[in-house]
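An overview of the molecular structure
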Amino acid sequence: MTKFTVNERPVQFNMDPQTPLLWALRDAANLTGTKFGCGAGDCGACMVDIDGEAIRSCLVTIAEAEGRFVTTIEGLSRDRSHPVQQAMVASGAIQCGFCTPGIVMAAQALLKSNPNPVDADIDAAITNICRCGVYPRLRDAIKQAARIARGEARAPAAAPPPGITPEDAARAVPAMTISDKNKI
Ligand code: FES
Ligand code: FES
């Protein structure tokens, strides 16, 4: 039995100790925000925070995570209020979304160790692969998140919560209309 802390909760996994952390999180803990991309340590889609460091969870066994503190994208904030999340939404730095959780986890770890990163710091720390080329916006977003975290900028308006109704979506996106059954 392997024990460690996930998103501030002590958990124990009754799995082969050599199971990659990525699969323990996704399949056993149902924390599917952590993505499987390459499984080989290249893409960064599986990035989580372990004891304050951004780590590719496909390269870590649960035995290696024993006794450590793991944070996934689900545990970063309950309401997408972390400065990195707010700044990435505001900067349009979210494209396909699949690689976004890993990028956010890498960026939040960077800001913990470097509260005022320049472009070169960001390029060195965010090695996640993004095929849509979001990197210029990502640099802007991370610098904005750093300013928010330092108290030098205000957080942009919060993104709408997930799971909004079609009616809410229609109000938020004027190009989309909902048929009014009573008028048809
Ligand atoms: S799935 Fe882990 S780095 Fe790609
Ligand atoms: S955000 Fe996923 S490929 Fe760029």
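Within any chain, residue numbers begin from 1 and follow the written order of that chain's sequence. Each chain is given a letter, starting from A, and each ligand a number, starting from 1, according to the order in which they appear as written. Since the coordinates come from a predicted model, pLDDT governs what is reported: local features require at least 70, and pairs of side-chain atoms require 80 or more to be given and counted, while whole-chain, interface and lining totals use all residues.

If you check an unreviewed UniProt entry, the chain appears there as (2Fe-2S)-binding protein from Sphingorhabdus arenilitoris.

A short note on unusual backbone geometry
The backbone phi angle of Asn-7 is positive, close to 50°, even though this residue is not glycine. The topology assignment puts Asn-7 in the loop between β1 (2–6) and β2 (9–13). Exposure remark for Asn-7: the 19 C-beta atoms within 10 Å place this residue in the partly exposed category. One non-glycine residue, Glu-8, lies in positive phi territory at about 70°. Under the DSSP-based scheme used, a helix requires at least four consecutive residues in state H or I and a strand at least two consecutive residues in state E, with every element numbered from the N terminus. Considering the arrangement of structural elements, one finds Glu-8 in the loop between β1 and β2. Between the buried cut of 20 or more and the exposed cut of 12 or fewer other C-beta atoms within 10 Å of a residue's own C-beta lies the partly exposed class, and all C-beta atoms are placed from the backbone.

What about the nonpolar core?
In this usage, the nonpolar core is the set of buried Ala, Val, Leu, Ile, Met, Phe, Trp, Tyr and Cys residues whose C-beta atoms join them within 7 Å. Counting residues in each nonpolar core, the largest one holds 45 residues, and the members touching the most others are Ala-106, Ala-107, Ile-142 and Ala-145. For this core, the element with the highest residue contribution is helix α5 (residues 100–113), accounting for eight residues. Inspection of this core shows a minimum of three residues originating in each of domain 1 (2–76) and domain 2 (83–149). By definition, residues are in contact whenever their C-beta atoms, placed on the basis of the backbone, come within 7 Å of each other. Ignoring any residue separated from it by four or fewer positions in sequence, one finds Ile-142 in contact with Val-84, Ala-107, Leu-110, Pro-117 and Ile-122. For every domain, the bounds stem from an assignment made automatically or drawn from a database.

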